[in-house]
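# Results of the structural survey
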4 protein chains.
Amino acid sequence: MNNELQYKDCIEACHQTMNACNVCYVSCLKEYDIAMLRDCITLTRECAGICSFAAEAMTRMSPYVADICALCIKMCESCADECEKQMQDHCKHCAEVCRKCAQICRGMCYVA
Amino acid sequence: MNNELQYKDCIEACHQTMNACNVCYVSCLKEYDIAMLRDCITLTRECAGICSFAAEAMTRMSPYVADICALCIKMCESCADECEKQMQDHCKHCAEVCRKCAQICRGMCYVA
Amino acid sequence: MNNELQYKDCIEACHQTMNACNVCYVSCLKEYDIAMLRDCITLTRECAGICSFAAEAMTRMSPYVADICALCIKMCESCADECEKQMQDHCKHCAEVCRKCAQICRGMCYVA
Amino acid sequence: MNNELQYKDCIEACHQTMNACNVCYVSCLKEYDIAMLRDCITLTRECAGICSFAAEAMTRMSPYVADICALCIKMCESCADECEKQMQDHCKHCAEVCRKCAQICRGMCYVA
């Protein structure tokens, strides 16, 4: 895959993950069992933040894309770990999207 | 069009505009005639910033989506006005994407 | 007060408010009665986000400072309204800081 | 120094650096010799972005403060390296503030 396509794929993955994290976040806040979801609320906000930051960095061809994506991988994996423990559909979906994003970000760590 | 689709469309339009603005920004910085492009550099950064902010607000169903999109419209239109004055392809493209985004954001001002 | 001082004051107020909102947010997430604090969690995140955005816009002398500060006022007031309903100290403190920030932002709406 | 003070110091250092970077950025854009300042424009934007991101992460006691501050150190050092090559006062000042921020951020890498 060439560089331009790889950037495009990763920007899209980060945007989708930001979206899934924030949907999960908002849904958690509405759950009856909100007290069980404290860590999920914390980590989806963190993950949405770095995904948005990473996507913007990639669109401006930041010299730090590799480092930012490395950080994004870490946050995506932690968020997925936490979401997988939950039984809500929005958590399960968020976990899947985070794992996929981490995988795509890995490709960027050797590109930029 | 229903609410959910309208959100989805507008999030995507904001992401595309953030991308086009940052591509234009980076390209302006490489131009020989960079001195002619000072305002373009300023306004594409501003526009990329609000588009990213608006997209993230929409994904978390912010209560301020209408206000944020109203601000996004204003910045998209100004950025398009400036980019249209330039002859570079990246400026022309950015202007088009900004105009379209402003139009789609208008729909959000009556939704949220 | 001259322009430069007014900017300095408002940047500082926005940073303090971002800080108070996020401290309140984190504290709410740890409360036993988290279910009562859903709106507070939502609004402190929103308010922290616009305060950070406004502060950064002011430091780069954005042409949109007046509009961004107008939006910041609205979010600070709503966040204060919600926080004042709560009995926790972190909420009371957050409300005070938000009100003061809204007042200082008002000065920026006629400056930029 | 205790943890709370260390956070407070680092948040303030990041805010000051974000400010110095954006002041330098805006000043570079107005310089006659703008063509000499392309890298400075690029790196001050990057550095302002991560400083703002780091400060917000610290105010919400992010679990990733150490990683984010490590990235902030890297961007502050690169920005300082570039700004030191320039003769403008705003570049010299920015370089100093970036170096100091990097130093303070180092303390956070062992705290969080």
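Figured I'd write up the structure that's included with this text. (Residues numbered from 1 in each chain as written. Chains lettered and ligands numbered in written order. Predicted model: local features only at pLDDT ≥ 70, side-chain atom pairs only at ≥ 80, totals over all residues. Heavy atoms only, no water.)

Below, the discussion takes up the relation of the copies chain D and chain B. Mapping chain D onto chain B is achieved by rotating through 180 degrees and translating by 0.0 Å along the same axis, at an RMSD of 0.0 Å. With respect to symmetry, the two chain copies, as superposed, fit the operation of a two-fold axis. A share of 100% of the interface residues of chain D reappears at the interface of chain B, consistent with the copies meeting face to face through the same patch. (Least-squares fit on C-alpha atoms with pLDDT ≥ 70 in both. Contact = heavy atoms within 4.5 Å.)

A grouping of A:Asp9, A:Glu12, B:Asp9 and B:Glu12 is seen on the molecular surface, where their side chains present a negatively charged patch. Sorting the residues of the negative patch by element identifies α1 (3–30) of chain A together with α1 (3–30) of chain B as the ones contributing at least two each. Mapped onto the secondary structure, A:Glu12 falls in helix α1. (Patch = residues over 30% accessible without salt bridge, like charges linked within 9 Å, V, L, I, M, F, W, Y side chains within 5 Å. Areas by Shrake-Rupley, 256 points an atom, 1.4 Å probe, with all protein chains shown as cover. Salt bridge = Lys/Arg side-chain N within 4 Å of Asp/Glu carboxyl O. Lys, Arg positive; Asp, Glu negative; His and termini not counted. Charge placed at Lys NZ, Arg CZ, Asp CG, Glu CD. Helix = DSSP H or I, 4+ residues; strand = E, 2+ residues; numbered from the N terminus.)

It is worth spelling out the interface of chain D and chain A at this point. With 17 residues of chain D at the contact, the number on the chain A side is 17 residues. Between chain D and chain A the total buried area reaches about 1600 Å² when both faces are included, carbon and sulfur atoms providing 63% of it. The largest share of the area that chain D buries against chain A comes from D:Glu46, D:Phe53 and D:Tyr64, three residues that together contribute 37% of it. Joining chain D to chain A, the criterion identifies six salt bridges. With a closest N to O distance of 3.7 Å, A:Glu56 and D:Arg45 form a salt bridge. The tally of links from chain D across to chain A stands at eight residue pairs in polar contact (both at pLDDT 80 or more). (Buried area = accessible area lost by both parts, 1.4 Å probe. Polar contact = N/O pair within 3.5 Å; in protein donor to acceptor, adjacent residues only side chain to side chain.)

Another aspect to go through is the environment of C:Arg38. The residue C:Arg38 is located in helix α2 (residues 38–59) in this model. Between the alpha carbons of C:Arg38 and C:Tyr64 there is a distance of 31 Å; along the sequence they are 26 residues apart. Setting aside anything within four residues of it in sequence, one finds C:Arg38 in contact with A:Leu29, A:Lys30, A:Glu31, A:Tyr32 and A:Ile34.

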